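# Remarks on the overall topology
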Protein chains: 2
Amino acid sequence: MSRMSSSTAGVGPVRLGPQARAALRPTEAPAVTGGFWYDRRVINAQVCIPQGPRLLESAGNLHNLRLVAGETEGAFRGDYPFQDTDVYKWLEAASWQLAQDAVAGRDTGALNAEVDRITALVAAAQQEDGYLNTWCQSGRGDGRYSDLRWGHELYNAGHLIQAAIAHHRATGRTELLDVARRFADHIGTVFGPAGSGRPIDGFDAHPEVETALAELYRETGDRHYLDLARYFVDRHGHGLHGHEAYCQDRVPLREAETVEGHAVRQLYLLAAAADLAIETGDESLAAAGVRLWHAMAATKTHLTGGVGAHHEEEDFGDPYELPTERAYCETCAAVASIQFGWRMALLTGQARYSDLIERTLFNGFLAGMSLDGESWLYVNPLQVRDGHVDEGGDKSSRRTRWFRCACCPPNVMRLLAGLEHYFASTDGRGLQIHQYASGVFHGEADGAPLNVSVNTDYPWRGRTAVTVERTPGTPWTLSLRIPQWCTEYALGGVATDAEVQDGWLRIHRSWTTGDEVVLDLDLAPRLVSADSRVDAVRGCVAIERGPLVYCLEQADHPGGGLDDVVIDAAGPLTVKERPDLLGGVVTIGGTGYRRSLPEPGWWPYVPAGSSQAPGTPLELVAVPYHAWANRAVGSMRVWLPTS
Amino acid sequence: MSRMSSSTAGVGPVRLGPQARAALRPTEAPAVTGGFWYDRRVINAQVCIPQGPRLLESAGNLHNLRLVAGETEGAFRGDYPFQDTDVYKWLEAASWQLAQDAVAGRDTGALNAEVDRITALVAAAQQEDGYLNTWCQSGRGDGRYSDLRWGHELYNAGHLIQAAIAHHRATGRTELLDVARRFADHIGTVFGPAGSGRPIDGFDAHPEVETALAELYRETGDRHYLDLARYFVDRHGHGLHGHEAYCQDRVPLREAETVEGHAVRQLYLLAAAADLAIETGDESLAAAGVRLWHAMAATKTHLTGGVGAHHEEEDFGDPYELPTERAYCETCAAVASIQFGWRMALLTGQARYSDLIERTLFNGFLAGMSLDGESWLYVNPLQVRDGHVDEGGDKSSRRTRWFRCACCPPNVMRLLAGLEHYFASTDGRGLQIHQYASGVFHGEADGAPLNVSVNTDYPWRGRTAVTVERTPGTPWTLSLRIPQWCTEYALGGVATDAEVQDGWLRIHRSWTTGDEVVLDLDLAPRLVSADSRVDAVRGCVAIERGPLVYCLEQADHPGGGLDDVVIDAAGPLTVKERPDLLGGVVTIGGTGYRRSLPEPGWWPYVPAGSSQAPGTPLELVAVPYHAWANRAVGSMRVWLPTS
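If you're wondering where the values come from, they're calculated on a predicted model, not measured in any experiment.

Turning next to the overall build of chain A. Scanning chain A from N- to C-terminus turns up 14 helices and 23 strands. Computed over C-alpha atoms, the radius of gyration of chain A comes to 25 Å, within 12% of the 26 Å expected from 2.2 N^0.38 for 643 residues, which places it in the range of a compact globule. Along the three orthogonal principal directions, the C-alpha set of chain A runs to about 75 × 70 × 50 Å. Within chain A, buried positions represent 65% of all 643 residues. Pairs at least 24 apart in sequence give 69% of the contacts found in chain A among residues at least 6 apart. Split by element, the accessible area of chain A, about 20600 Å² in all, is 49% carbon and sulfur. Between the mean site of the 57 positive side-chain charges and the mean site of the 81 negative ones, chain A shows a separation of 1 Å.

Our next topic: the packing of helix H3 (residues 84-104) of chain B against helix H4 (residues 109-125) of chain B. Residue and element names in this part refer to chain B. Running from N to C, H3 and H4 point in directions that differ by 145°, and their axes come no closer than 10 Å. By crossing handedness, the relation of H3 to H4 is classed as left-handed. Only Leu111, Asn112, Glu114, Val115, Ile118, Thr119 and Val122 of H4 make contact with H3, whose side of the interface consists of Val87, Tyr88, Trp90, Leu91, Ala94, Gln97, Leu98 and Asp101. Of the residues assigned to the contact of H3 with H4, the class counts are ten nonpolar, three polar and two charged.

Glancing now at the relation of the copies chain B and chain A. In the superposition of chain B on chain A (RMSD 0.0 Å, axial shift 0.0 Å), the rotation amounts to 180°. Between the two chains, the operation in question is that of a two-fold axis. By residue overlap, the copies meet face to face through one surface: 100% of the interface positions of chain B are interface positions in chain A.

Counted under the stated rule, the structure contains 86 salt bridges over all chains. Between B:Glu215 and B:Arg169 there is a salt bridge, with the nearest N and O atoms lying 2.8 Å from each other. Pair noted here: B:Glu215 is in helix H8 (residues 209-220) and B:Arg169 is in helix H6 (residues 153-171), with a separation of 46 residues, a long-range link. Accessibility assignment for this pair places B:Glu215 and B:Arg169 in one class, buried. A salt bridge links B:Arg631 to B:Asp556; its shortest N-O distance comes to 2.6 Å. A residue pair is termed long-range when its members are at least 10 positions apart, and B:Arg631 in the loop between strand S21 (616-624) and strand S22 (636-637) and B:Asp556 in the loop between strand S16 (548-553) and strand S17 (565-567) qualify at 75 residues. Classification of B:Arg631 by relative accessible area gives partly exposed; the value is 27%. Residues joined in a network through salt bridges with shared partners are A:Arg15, A:Arg169, A:Glu215, A:Arg218, A:Glu219, A:Asp275, A:Glu279 and A:Arg343.

The extent of an interface is frequently quoted as the accessible surface area lost upon association of the parts. Residue and element names in this part refer to chain A. Assigned domains of chain A: these are domain 1 (25-385 + 392-422), domain 2 (425-521) and domain 3 (526-600 + 611-641). Here the C-alpha centre of domain 2 lies 31 Å away from the C-alpha centre of domain 1. Taken together, the contacts link 26 residues of domain 1 with 22 residues of domain 2. Summing both sides of the interface, domain 1 and domain 2 together bury roughly 1900 Å²; the carbon and sulfur share of this comes to 53%. On the surface where domain 1 and domain 2 come into contact, there are two salt bridges. The closest approach of N and O atoms between Arg481 and Asp355, which form a salt bridge, is 2.3 Å. Where domain 1 packs against domain 2, one counts eleven residue pairs in polar contact (both at pLDDT 80 or more). Taken together, the elements giving at least two residues each to the side of domain 1 that touches domain 2 come down to strand S1 (25-26), strand S2 (31-34), helix H12 (331-348) and helix H13 (352-365).

Okay, the packing of aromatic side chains next. According to the stated counting rule, one finds 50 aromatic pairs over all chains in the structure shown. With 5.1 Å between their ring centres and 85° between their planes, A:Tyr145 and A:Phe191 make a pair best called edge-to-face. Separated by 46 residues along the polypeptide, A:Tyr145 in the loop between helix H5 (134-137) and helix H6 (153-171) and A:Phe191 in the loop between helix H7 (175-190) and helix H8 (209-220) bring together distant segments of the chain. Each member of the pair A:Tyr145 and A:Phe191 is classed as buried. Seen in terms of ring centroids, A:Trp639 and B:Tyr605 are 5.7 Å apart; in terms of plane orientation they differ by 35°. Their pairing is tilted.

Right, let's talk about the state of the cysteines for a bit. All told, the structure shown has zero disulfides over all chains when counted by the stated rule. No disulfide involves A:Cys332; its sulfur sits 3.5 Å from that of A:Cys408, the nearest cysteine. Given a relative accessible area of 3%, A:Cys332 falls into the buried group. Free of any disulfide, B:Cys329 has its nearest neighbouring cysteine sulfur in B:Cys408, separated by 12 Å.

On to the confidence of the model for chain A, then. Should pLDDT be low for a region, the predicted coordinates there are not to be read in detail. All names here are of chain A. Considering every residue of chain A, the mean pLDDT works out to 95; 98% of them sit at 70 or more. A low-confidence stretch, residues 1-9 (pLDDT under 50), is modelled with 18 contacts involving residues beyond four sequence positions or located in other chains. Prediction confidence for the complex, expressed as pTM and ipTM, is 0.95 and 0.93 respectively.

With that settled, the discussion passes to the pairing of strand S18 (residues 574-578) of chain B. Residues and elements named next belong to chain B. Strand direction decides the pairing type here: S18 and strand S19 (residues 585-594), joined by five bridges, are antiparallel. Note that in S19 the partner of Arg578 across the bridge is Val585. Hairpin connection from S18 to S19: six residues lie between these consecutive antiparallel strands, with Leu582 at a positive phi of about 55°.

This part covers the side chain of B:Asp515. All names here are of chain B. The residue Asp515 is located in the loop between strand S12 (504-509) and strand S13 (516-521) in this model. Side-chain polar atoms of Asp515 contact the side chain of Arg509, separated by 2.9 Å. Residue contacts for Asp515: discarding those within four places in its chain leaves Val466, Thr467, Val468, Val494, Arg509 and Ser510.

The subject of this paragraph is the interface of chain B and chain A. Across the contact, 66 residues belong to chain B and 66 residues belong to chain A. When chain B packs against chain A, close to 5600 Å² is buried across both sides, 53% of that on carbon and sulfur atoms. Taken as a group, B:Trp602, B:Trp603 and B:Tyr605 account for 16% of the area that chain B buries against chain A, more than any other trio of residues on that side. Viewed at the interface, chain A and chain B are joined by four salt bridges. B:Arg385 serves as the salt-bridge partner of A:Asp535, at 2.7 Å between the closest nitrogen and oxygen. Across the contact surface, chain B and chain A share 32 residue pairs in polar contact (both at pLDDT 80 or more). When residues of the side of chain B that touches chain A are traced back to their parent elements, those giving at least two are helix H11 (283-299), helix H13 (352-365), strand S14 (526-530), strand S15 (540-545) and strand S20 (605-607) of chain B. Class assignment for the residues of the side of chain B that touches chain A results in 28 nonpolar, 17 polar and 21 charged. Bridging between strand S20 (residues 605-607) of chain A and S14(B) involves three bridges; their strand directions are antiparallel. Bridging across to S14(B), A:Tyr605 finds its partner in B:Ala530.

On to unusual backbone geometry. The omega torsion of the bond from A:Tyr458 to A:Pro459 falls at 5°, within 30 degrees of zero and hence cis. Within the element layout of this structure, A:Pro459 appears in the loop between strand S7 (448-456) and strand S8 (463-470). Even without being glycine, A:Asp446 reaches a positive phi, approximately 50°. Assignment of secondary structure puts A:Asp446 in the loop between strand S6 (438-445) and S7. Its identity is not glycine, yet B:His152 carries a phi of approximately 60°, on the positive side.

Structurally, the α-helix is built with 3.6 residues per turn, so residues lying three or four positions apart point the same way. Residues and elements named next belong to chain A. Spanning 18 residues, helix H10 (residues 263-280) covers 25 Å between terminal C-alpha atoms, matching the ideal 26 Å at 1.5 Å per step. Of all the 18 residues making up H10, 18 are buried; the element is thus mostly covered by neighbouring parts of the structure. Just beyond H10, the residue with positive phi is Gly281, at close to 75°.

All names here are of chain A. Along the chain, Gly584 falls in the loop between strand S18 (574-578) and strand S19 (585-595). Judged by relative accessible area, Gly584 falls into the partly exposed class, the value being 22%. Along the primary structure Gly584 and Trp460 are separated by 124 residues, whereas in three dimensions their C-alpha atoms are 9.7 Å apart.

Here we take up the environment of A:Ala465. Residues and elements named next belong to chain A. Along the chain, the position of Ala465 falls in strand S8. Along the primary structure Ala465 and Ile161 are separated by 304 residues, whereas in three dimensions their C-alpha atoms are 38 Å apart. Once you skip the residues sitting within four places of it in the chain, Ala465 turns out to touch Ser453, Val454, Asn455, Glu516, Val517 and Val518.

All right, on to the packing of helix H9 (residues 223-235) of chain A against H10(A) then. All names here are of chain A. Between H9 and H10, whose axes approach to 10 Å, the crossing angle comes to 130°. Put simply, H9 runs oblique to H10. Along this stretch, H9 crosses H10, giving a crossing that reads as left-handed. Residues Arg223, Leu226, Ala229, Arg230 and Val233 of H9 touch H10, and the partners they reach there are Leu269, Ala272, Leu276, Glu279 and Thr280. Residue composition of the contact of H9 with H10, grouped by class: six nonpolar, one polar and three charged.

Definitions and cut-offs
- Residues numbered from 1 in each chain as written.
- Chains lettered and ligands numbered in written order.
- Predicted model: local features only at pLDDT ≥ 70, side-chain atom pairs only at ≥ 80, totals over all residues.
- Heavy atoms only, no water.
- Helix = DSSP H or I, 4+ residues; strand = E, 2+ residues; numbered from the N terminus.
- Rg over C-alpha atoms; globule rule 2.2 N^0.38 Å.
- Buried < 20%, exposed > 50% of the residue type's maximum accessible area, 1.4 Å probe, protein only.
- Contact = heavy atoms within 4.5 Å.
- Areas by Shrake-Rupley, 256 points an atom, 1.4 Å probe, with all protein chains shown as cover.
- Lys, Arg positive; Asp, Glu negative; His and termini not counted.
- Charge placed at Lys NZ, Arg CZ, Asp CG, Glu CD.
- Axes fitted to C-alpha atoms, helices over the stretch in contact; angles between N-to-C directions.
- Left-handed = near helix turned anticlockwise from the far one by under 90°.
- Nonpolar A, V, L, I, M, F, W, Y, C, P; charged D, E, K, R; others polar.
- Least-squares fit on C-alpha atoms with pLDDT ≥ 70 in both.
- Salt bridge = Lys/Arg side-chain N within 4 Å of Asp/Glu carboxyl O.
- Domains from an automatic or database assignment.
- Buried area = accessible area lost by both parts, 1.4 Å probe.
- Polar contact = N/O pair within 3.5 Å; in protein donor to acceptor, adjacent residues only side chain to side chain.
- Phe/Tyr/Trp six-rings, centres within 6.5 Å; stacked < 30°, edge-to-face > 60°.
- Disulfide = S-S within 2.5 Å.
- pLDDT = per-residue confidence, 0-100.
- Pairing = 2+ DSSP bridges.
- Expected span 1.5 Å × (residues − 1).
- Parallel < 35°, antiparallel > 145°, perpendicular 65-115°, else oblique.

So this is what it looks like as structure tokens:
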């Protein structure tokens, strides 16, 4: 804590630049102090992050750094040119954790020491001219920048830069930032438009360095980094990678009509576009961000917030192509969607971006980590069939201790470790609460600081109390997001009246310390159905409660599988607190039946209108989707047939 | 024709061995002389096969042979170690075509010359010890048999053997057969169980050589080939390829409960298992064939007969996982399903195997070739969405002139060229008609030859006349398959009464030359729905008529896409002969509507029971699925929502 400079403490994953043109700004030093996310972050802090170095050791990532640092001998270990990023993402996670620990006054000694040790290793691995990539330095591949399609060198650099910024913000120290700047400066000498005198006019087919460079500009004030980010973003879509959608090269973002290609690549690129729109006021990039986000949300997002319909090429599918059992919904794509969405929320001030962030956080993202923090999912399907054959491996529907391609686990760690930064913002005239979690959030009104404390058992209970802890004398606006899923709410406390504005509840008044506002969101469970263009779930409903998507698991329905289960959509839904189950969840009960399906005939297609044998009544027990796959291996389904 | 030995003329893709224990035997010298398949085979003979050598030249396959034959210089061209098989499959197709032409008395000079030229090239490329693989011989890969998982060397050998058998049967000549035997003999010196003294105990992860070796035994009478086939089949499933389903190594066939892994690999292996069951009486392999075929047909086959639910790994999916837009349904997998099914039909005598062959031929297989024979589909989806982004390439839903991985086109050519051999059989007590096509089919009763001529406009019209052309004096049984889709039929002519036996109509009587039997299958169009476990098409119906599956194409529904089209399942279906359309088809008209879908909101999931705007009436025009994608690029769908 002593090492932390107060000027940087707690400034999170996005910090706007001095000329930024955004509707909202992230708040300084937010803190989550209890409740749902606090508990998940305790697991992250006590299980996931501490285990990181050991897992990176056994997977070979640290060996590879030592190898090119000349500290050991042997060959590169692992199969991928992007393995350094696992280390960088862990360093970023650990750094945000250090910031949190510092704010909370917890001892940071052990973690700091691990971070220092690995930072030193990274620094030792860097080459004289700033280049750093263990795959290439150890002789794999065909040499520096020879394979921009698959080499991932700038993608590696991007994650290094993001880790370094986190480390600098958390500790005020510059060891890792110096390494990152040297690499960024080196990249700036290599890449540039034809005629610039720089040898390569091109870009890495896996975006990431772009948004990292934008943030490096914010951290250092050096505008060259922003210019380099803009150069890279603008080179996409002109055929340098054969106009392949996979490489984010089919069309320029400014002309694109929808999200396409590899989901993570698309969303990291869009995060950078939003950064550039914020920092430079580029209106056509801002418009592209709005347009593509809407195309994604309206036509290519699963109910869980997960994105990516194809296993092959980890690709967004066509509009409304949203399969259940083959939903790809990579955990990293959920992270990327949240990162893009948050930048759009800041840029536009609109609530809907945080609506989707909430949905993604509680469902498609959180499902990626086991309840105990010990194992992971890479893909997050919405259905696992009876008789599913699972051979294990990275794309398994069983949780796995670590992956051969281990991009997701440290990505979850870094997002969780800095999560409080996605929860509130200020527009300079008050405070906006985007996500409901117990904690302290700071804002600003006409240059004066203010802060509130939030108390809630969300998402299990709908009541959130916001207490003004510090306030200037002049009136300001407290904005509370009314989630898109919510149709009934009540406002109480000192304010019972408020303006409703496009998803925001705006409470404008003169505040006194101790003023409490109580927002009560109705958490009655509900059934939802999909737009009829979503062919995959026709004739089905899904159960939701608050921001949580629910699913059936085989473990709660003994005596059969789930392929033959039907829900009575007119039946009652009952809510039950189950502190004993899955670390403490609220389950939803429903009524339905199990079809009396005949033994399969030899051919599964029959004359339309064939009568169906009635089923036997069945009590349905739905659990939160994010908690699935934490018990015995079995089938699961989110979408339930109604007949 | 002069070169054709009468003893081999027209003996098709499967010829049983002298000790075979099968219910049925293929018939000798069948001929298709008119009608639907005749027309498709004219295209095959006049467009596809003649163009083959030029396409193989431009793709590099012939260059690769010349390269290793020392007739040219340079490097291997192409990306795959199995490119020789494109040449072999073309040689097989050309050979069956030669046999057909010979039977029909057509001039075979030009095609014979091409076959001779390419056969000489193959012979020149073979190494002294019999080994032949241009990938490996040209220095690609790590040397002979170093990569049995991906090297495809025995897969190459299998197709060489099959081509050689076809050539030998068609022409009586042995040039290609000698090459194939040398390679097969070489393989026999290399592969064998531990302790056999042969250096490698293993198998090629892409089956094909197994069924080819079984046929080579049939062709040569040399039992070593059958033993080698059995050795390879039995080595699957014991972990030599890490128990990977993709490599057909998860479990031995005798223990497998369902088809799994790469669809073509699975089905070629099962074809070999059926061959072994036929030739050796192996009951557990026969049982595996029955069990796995039924698991495939009941739970893993699309309405079109296509198989393969996953693009990734070209894999069978889980039971009832049968997506529409991502149906893989590789054209080669349709070929493999037909080959496996025919062997099972011979083994068991049951009609259902030919039911599925019929469905696959008319739909999932035939869709792979354009109407003009100039372009191809590798994958055969059941839906192309409005707004589908298609970047071209092998897996495109647009037809392509030739593929980078060009396995499918010559596979279609070889199956079409020998197709008549799948149409009839004899059990020694008469004749079984499996598929309805105009032509002449031979059988046998108590050792005496018999034959019939068949006259039909099937599948456009339901009437088939069978006329006895030659008959012994003793009674025998004419068996006509009543297709599984058929619920109404009439029998006329000399026989109006018959025994119905598990899909066969058995007409046992004393026959006189000129006797005519008329079978009239009711071709009223019908709607079918899927087993409720097929989640992907819940709430949908498909249109069928006779053996044909129909689809909607955008071209017939101007003014909008197909994502918003609904069929009125209670409305009438009308039949229209359209000689002007798609080379002459019967279309089915239906009534439906186009939903008045709102502009997409930002989120596609809504409270269940939300009301839907009514639609505008729409005349639906359905065309045969096999004829889709022969007009302007656009959306297509087989399964139609009913509300």
